[in-house]
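What follows is the residue order along each chain.
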Amino acid sequence: MVTFNPNIFPRQRPTNQYNVYHWSLHSSPEIADVLKGDTTLQTFNLYDNNISDNGAKGLADALKINSTLQTMYSYDNDISGNGAKRPAEALKINTMLHSLDVCWNQISYNGAKES
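In this report, the structure presented in the accompanying data block is examined. Fair warning: this is a prediction, and the values are worked out from it, not measured in the lab.

## A look at the packing of aromatic side chains
A full pass over the atoms with the stated rule returns two aromatic pairs. Judged by centre distance (4.6 Å) and plane angle (5°), the rings of Tyr47 and Tyr75 are stacked. In this pair, Tyr47 sits in the loop between β3 (43-45) and α2 (52-65) while Tyr75 sits in the loop between β4 (71-73) and α3 (85-93), placing the two residues 28 residues apart along the sequence. Here Tyr47 matches Tyr75 in class, with each residue buried. Their ring planes at 85° and their centres at 5.5 Å tell us that Tyr75 and Trp104 sit as a pair that is edge-to-face. Note that Tyr75 is positioned in the loop between β4 and α3 and Trp104 in the loop between β5 (99-101) and α4 (109-114), a separation of 29 residues in sequence.

## Concerning the pattern of salt bridges
Scanning all chains against the criterion turns up two salt bridges. We note a salt bridge from Lys57 to Asp61, for which the minimum N-O separation is 3.4 Å. Residue Lys57 and its partner Asp61 are both found in helix α2; the two are separated by four residues, about one turn of the helix. Lys92 is paired through a salt bridge with Glu89; the nearest N and O atoms lie 3.0 Å apart. Placement of both Lys92 and Glu89 in helix α3 is noted, with a separation of three residues, approximately one turn of the helix. The exposure class assigned to Lys92 is exposed, which follows from its relative accessible area of 63%.

## Considering helix α1 (residues 29-37)
Side chains of residues three or four places apart in an α-helix project in the same direction, reflecting 3.6 residues per turn. Considered for burial, the residues of α1 that qualify are Ile31, Ala32, Val34, Leu35 and Gly37. In this structure, the buried side of α1 is in contact with β2 (17-19), β3, α2 and β4.

## A few points about the environment of Ile107
By the element assignment, Ile107 lies in the loop between β5 and α4. Here Ile107 falls in the partly exposed class, since its relative accessible area comes to 24%.

Scoring rules and cut-offs
- Residues numbered from 1 in each chain as written.
- Predicted model: local features only at pLDDT ≥ 70, side-chain atom pairs only at ≥ 80, totals over all residues.
- Heavy atoms only, no water.
- Phe/Tyr/Trp six-rings, centres within 6.5 Å; stacked < 30°, edge-to-face > 60°.
- Helix = DSSP H or I, 4+ residues; strand = E, 2+ residues; numbered from the N terminus.
- Buried < 20%, exposed > 50% of the residue type's maximum accessible area, 1.4 Å probe, protein only.
- Salt bridge = Lys/Arg side-chain N within 4 Å of Asp/Glu carboxyl O.
- Contact = heavy atoms within 4.5 Å.

And the structure:
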């Protein structure tokens, strides 16, 4: 089990939610570690962090493992249509995630269609 530093990702009320926005995390591996190791997390707000395609890859890997996350906000993170392909594939495995917000990224209509 991953030990989380509460100074990096402080829990918000309700305690099954993380709000990590405007932190400019880029493709920080801690993002994926949170999703992989937390078995109670239901909502993850990760917007405006510029995680780009590399960060989206890490999120996709974590989404394949996480079985409790139901809602994820990942908008305004500079993810391209190519970068959106991996999370789209992860959603075929992760059946618990009911809502994924990826607006305000660099995903075009064709990129979304291909994903």
